[in-house]
Amino acid sequence: MGRKNILIGFDGFIDTIVRAVDYYDGDNKVFIRFIDQFGKRISAAAGRSANIELDIVCKKIGGNGPILSEALRLLGATTTYIGTLGDVHENIFKTFAQKNKAISVGMPGETRAIEFDDGKILLGEMHDTAKIDADSICSACNKNMLREIVSKNELLCFVNWTMLPRMHSIFELFLTDIIDVHAAHTFFFDLADPSKRTKEDISKLINYIQRFSRIGPSILGLNLSEAQHILSVLGCQDKVIESEDSMLKCARLIRSGIGCKVVFIHANTMSVGCDDNAVFVTGYFSEHPKVSTGAGDHFNAGFLFDYLDNQNIKSALHMGSAVAKYYVEHGDSPDEMQARSIIQRAI
């Protein structure tokens, strides 16, 4: 397998992972396990007040892009990262910047991720991340330098579209000024939760993915919620649920509606993907995750890392599932051997 060269951008956050304290049993903290319990605690405070203790689990680099980049690097890829990392000589991104050939284009956002057994609530402050656009990129990295960087990378990853409201200007920059249409590039797109973006915005995103797809193979990675939003904008009435038949059907509909080469959808207990064929993978669920924030990014990393080798959807889904499983159970990213050992036990 050849060395994979991958460019990722353009967000960057500092994540503080916390658990919400329910009550004390002596000196021991008992945490709120489920989101609906947390919601009831909040609702009960209406007209009054509430004080909920948050217990810090860890503080780490965050944002879809940095997490994806670091996971890909640890699997064995050569990564270049452009994003809002702040002063990488002074902050939490120092080691990341050295190992991922990073270029900072602004100050990172901050996220407090409240984790539960059945999901997470992300409370974010955007800072410079919401302002990043084509001009920001070109100020930190002129067009000739950016063209040179892009020419050396076979995969270009555009992630966290939802939280980068000016991402379309970056798409336009790459499409019109940076990418050599005769070069061999694959493109990956990750929405992040698009619920705060309008249907018009999502429709524009789809148009951009279609434009990239005319240059080279495009891959769209989705969770269930993201898939539902895309289906709605495409005019499909289908409801995507966590079942093999539903997810496979929706993946096919989305791929057909957008025209990209690959669509994959991942959920808690299964994942599906389709190119000219469609496949389904299960068997990687973790009942007691140590951490969940970043699980989707790790799935994406595993999928992309494997898919670049042989364009085999089933193999890539297994690798994505294994990388995500290792991460949520250990709180760290695996190397390729660690991920493949999980696959061997699962199949």
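As the structure is a prediction and not an experimental result, all values here were calculated from the model.

Basis of the calculations
- What you see as residue numbers is a count from 1 along each chain, following the sequence as written.
- Totals for whole chains, interfaces and linings use all residues, but because this is a predicted model, local features are given only for residues with pLDDT of at least 70 and pairs of side-chain atoms are given and counted only at 80 or more.
- Processing note: side-chain calculations cover all non-hydrogen atoms of the structure and skip hydrogens and water entirely.
- Should DSSP find at least two bridges between two strands, the strands are taken to pair.
- Where helices and strands are cited, they refer to DSSP runs of H or I of at least four residues and of E of at least two residues respectively, numbered from the N terminus.
- Axes here mean lines fitted to C-alpha atoms, for a helix over just the part in contact, with angles spanning 0 to 180 degrees between N-to-C directions.
- Any pair of residues with heavy atoms lying within 4.5 Å of one another is described as a contacting pair.
- Any residue under 20% of the maximum accessible area for its type is buried, any over 50% is exposed, and the rest in between are partly exposed; the area is computed with a 1.4 Å probe on protein chains only.
- What sets the label is the angle itself: under 35 degrees gives roughly parallel, over 145 gives roughly antiparallel, 65 to 115 gives roughly perpendicular, and the rest give oblique.
- Put simply, a crossing is left-handed when the front helix is turned counterclockwise from the back one by less than a right angle, and right-handed when it is turned clockwise.
- Residue polarity is assigned by list, with Asp, Glu, Lys and Arg as charged and Ala, Val, Leu, Ile, Met, Phe, Trp, Tyr, Cys and Pro as nonpolar; anything else, Gly included, falls into the polar class.
- Only rings of Phe, Tyr and Trp enter the pairing, Trp through its six-membered ring, and a pair is recorded when the two centres are within 6.5 Å. The plane angle decides the type: under 30 degrees is stacked, over 60 is edge-to-face, the rest tilted.
- Cation placement over rings: the criterion is NZ of Lys or CZ of Arg within 6 Å of the ring centroid and within 35° of the ring normal.
- Think of it like this: strands point away, you trace from the first strand over the helix to the second, and a clockwise trace means the crossover is right-handed.
- Salt bridge criterion: a side-chain nitrogen from Lys or Arg within 4 Å of a carboxyl oxygen from Asp or Glu.
- Note: the arc covers the axis-to-C-beta directions of the helix.
- N or O atoms within 3.5 Å of each other form a polar contact, as long as, within protein, one can give a hydrogen and the other can take it, and as long as residues adjacent in sequence are counted only when both atoms are side-chain atoms.

### Here we look at the sheet that holds strand E11 (residues 218–223)
Step number 1: Taken in spatial order, the nine strands make up an open sheet running E6-E5-E1-E9-E10-E11-E12-E13-E14, and their pairing is mixed. On the outer flanks of this sheet lie strand E6 (102–104) and strand E14 (278–282), each paired with one strand and no other. Between one strand axis and the next, the sheet turns by 15° as a mean value, whatever way the strands run.
Step number 2: Sheet topology places strand E13 (residues 270–274) next to E14; five bridges connect them, and they run antiparallel. Opposite Met-270, over in E14, you have Thr-282 as the bridge partner.
Step number 3: Packing of helix H8 (residues 224–233) onto the sheet brings it into contact with E11 and strand E12 (262–266), and relative to E11 it is tilted by some 115°.
Step number 4: Packed onto the sheet, helix H10 (residues 295–310) meets strand E1 (5–10), strand E9 (155–158), strand E10 (186–190), E11, E12 and E13 and runs at close to 145° relative to E12.

### Comments concerning unusual backbone geometry
Step number 1: Residues Gly-9 and Phe-10 are joined by a peptide bond in cis, for which omega reads 15°.
Step number 2: On the secondary structure map, Phe-10 appears in strand E1.
Step number 3: Although it is not a glycine, Lys-101 sits at a positive phi angle of roughly 45°.
Step number 4: In this structure Lys-101 comes out as partly exposed when scored by relative accessible area, which is 47%.

### Structural notes on the packing of helix H6 (residues 167–178) against helix H7 (residues 199–213)
Step number 1: Following both chains from N to C, one finds H6 and H7 inclined at 15°, their axes separated by 11 Å at the closest point. Our classification of the angle between H6 and H7 gives roughly parallel. By crossing handedness, the relation of H6 to H7 is classed as left-handed. The segment H6 lies against H7, with His-168, Phe-171, Glu-172, Phe-174, Leu-175 and Thr-176 engaging Asp-201, Lys-204, Leu-205, Tyr-208, Arg-211 and Phe-212.
Step number 2: Across the contact of H6 with H7, the residue classes tally to six nonpolar, two polar and four charged.

### A short note on the packing of aromatic side chains
Step number 1: In total, this model carries 18 aromatic pairs according to the counting rule given.
Step number 2: Here the aromatic rings of Phe-10 and Phe-158 are separated by 6.1 Å at their centres, their planes lie at 45°, and the arrangement is tilted. Taken together, the residues span a long stretch of sequence, with Phe-10 in strand E1 and Phe-158 in strand E9 at a distance of 148 residues.
Step number 3: Looking at Phe-158, the relative accessible area reads 2%, which means it is buried.
Step number 4: When the ring centre of Phe-305 is taken as origin, the NZ or CZ atom of Lys-4, which lies over that ring, is 3.8 Å away.

### Some thoughts on the pairing of E11
Step number 1: Of all six residues in E11, five are buried, a share of seventy percent or more.
Step number 2: Sheet topology note: the E10/E11 ladder contains four bridges and is parallel. Bridge assignment links Phe-189 to a residue of E11, and that residue is Leu-220.
Step number 3: Following the chain from E10 across H7 to the adjacent parallel E11, one finds a crossover that is right-handed.

### Section: the pattern of salt bridges
Step number 1: Per the stated rule, a full pass over the model turns up 20 salt bridges.
Step number 2: A salt bridge links Arg-19 to Asp-117; the shortest N-O distance between them is 3.2 Å. Pair noted here: Arg-19 is in strand E2 (residues 13–25) and Asp-117 is in the loop between strand E7 (109–116) and strand E8 (119–125), with a separation of 98 residues, a long-range link.
Step number 3: Overall, Arg-19 belongs to the buried group, its relative accessible area being 16%.
Step number 4: Given a relative accessible area of 32%, Asp-117 falls into the partly exposed group.
Step number 5: For Arg-33, the salt bridge is made with Asp-117, and the minimal N-O distance between the two is 2.7 Å. Of this pair, Arg-33 sits in the loop between strand E3 (28–31) and helix H1 (35–43) while Asp-117 is found in the loop between E7 and E8, placing the two residues 84 residues apart along the sequence.
Step number 6: One connected set of salt bridges, linked through shared partners, spans Arg-19, Arg-33 and Asp-117.

### Considerations on helix H12 (residues 336–346)
Step number 1: Of all the positions in H12, only Ala-339, Ile-342 and Ile-343 are classed as buried. Burial along H12 is one-sided: seen end-on, the buried residues are contained in an arc of 100°. In this structure, H12 carries Met-337, Gln-344 and Arg-345 as exposed residues pointing more than 90 degrees from its buried face.
Step number 2: Where H12 is buried, its residues contact helix H11 (313–330).
Step number 3: Of the residues that open H12, the one with a side-chain oxygen 3.2 Å from the backbone nitrogen of Met-337 is Asp-335.

### Considerations on the packing of helix H2 (residues 64–75) against H10
Step number 1: For the pair H2 and H10, the least separation of the axes is 9 Å and the interaxial angle reads 45°. By the criterion of interaxial angle, the relationship of H2 to H10 is oblique. Seen along the crossing, H2 lies across H10 with a hand that is right-handed. Every residue of H10 that contacts H2 at Asn-64, Ile-67, Leu-68, Ala-71, Leu-72 and Leu-75 is listed here: Asp-297, His-298, Asn-300, Ala-301, Gly-302, Leu-304 and Phe-305.

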